[in-house]
Amino acid sequence: MNKVKIISLIAIFSIIVILVIIFILFRLNSPDTYHKNALSIKETATTHGLNISINKVTTKDNICIEKDGSNCTNNFKSVYGRFIVINFTIENQDNEPLSFYPASAFNLANKDGDQAYFVEGVDDIKDTIIEPGNTISGTISFDVVIDDPYYLYYQDNLTETPIEFIIKKTDINKYLPS
């Protein structure tokens, strides 16, 4: 073989190697790889004696922020598009009480990592202490730009890495089996 053919073969081989490396790096940084440990909303997460599950995910155009008996007297309209309302259950199987603060324990982001706005004070669950052996259920709401999927993160002062749930468009407005 002459030198030109050898140099051409080396150049082609080098280009192939570079393309393979780029492909591998792209796959390692893709959202699918980054979120590979995300739980579906049908799964229960367990951490530090807590079981955390999502029961139902719905959307709303507005949320009632003031009631007179059972009648809503003041609606809060979505600023960004829709509210995602997440009904969840947390069971404390630990021997110690858990201080639970929904506004700091939960976070919602879209596939690009943009954070959703947590709507405080409109949900039926407030800051509380979950005693050992007790279970609480409630809702949290986020004002969101319509997107798919969303990632709900749970992190308290005991968990080093947030627990991640994936919420797909097909999960929204559906009741989950109990």
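Structure first, text after, so check above.
As the structure is a computational prediction, the values presented were derived from the model and not from experiment. (Residues numbered from 1 in each chain as written. Predicted model: local features only at pLDDT ≥ 70, side-chain atom pairs only at ≥ 80, totals over all residues. Heavy atoms only, no water.)

**Student:** Sorry if this is basic, but what is going on with unusual backbone geometry here?
**Tutor:** Glycine aside, residues mostly have negative phi angles, and peptide bonds mostly take the trans form. Put simply, Asp-148 and Pro-149 share a cis peptide bond, and its omega is -5 degrees. You can see Pro-149 is positioned in the loop between strand 11 (135-144) and strand 12 (150-154). Positive phi outside glycine occurs at His-48, with the angle close to 45 degrees. Overall, the relative accessible area of 44% leaves His-48 in the partly exposed class. (Helix = DSSP H or I, 4+ residues; strand = E, 2+ residues; numbered from the N terminus. Buried < 20%, exposed > 50% of the residue type's maximum accessible area, 1.4 Å probe, protein only.)

**Student:** Would you mind going over the side chain of Glu-164 with me for this structure?
**Tutor:** Within the secondary structure, Glu-164 sits in strand 13 (residues 163-167). One polar contact links Glu-164 to Tyr-153, side chain to side chain, over a distance of 3.0 Å. (Polar contact = N/O pair within 3.5 Å; in protein donor to acceptor, adjacent residues only side chain to side chain.)

**Student:** Quick question: what am I supposed to make of the pattern of salt bridges here?
**Tutor:** It is possible for side chains bearing opposite charge to pair when their charged atoms get close. Taken as a whole, this structure holds two salt bridges when the rule is applied. Taking the shortest distance from any N to any O, the salt bridge between Asp-61 and Arg-82 comes out at 2.2 Å. Of the two residues, Asp-61 is situated in the loop between strand 3 (50-60) and strand 4 (62-68) and Arg-82 in strand 6 (residues 82-92); the sequence distance between them amounts to 21 residues. Among the residues examined, Asp-61 registers a relative accessible area of 48% and is labelled partly exposed. (Salt bridge = Lys/Arg side-chain N within 4 Å of Asp/Glu carboxyl O.)

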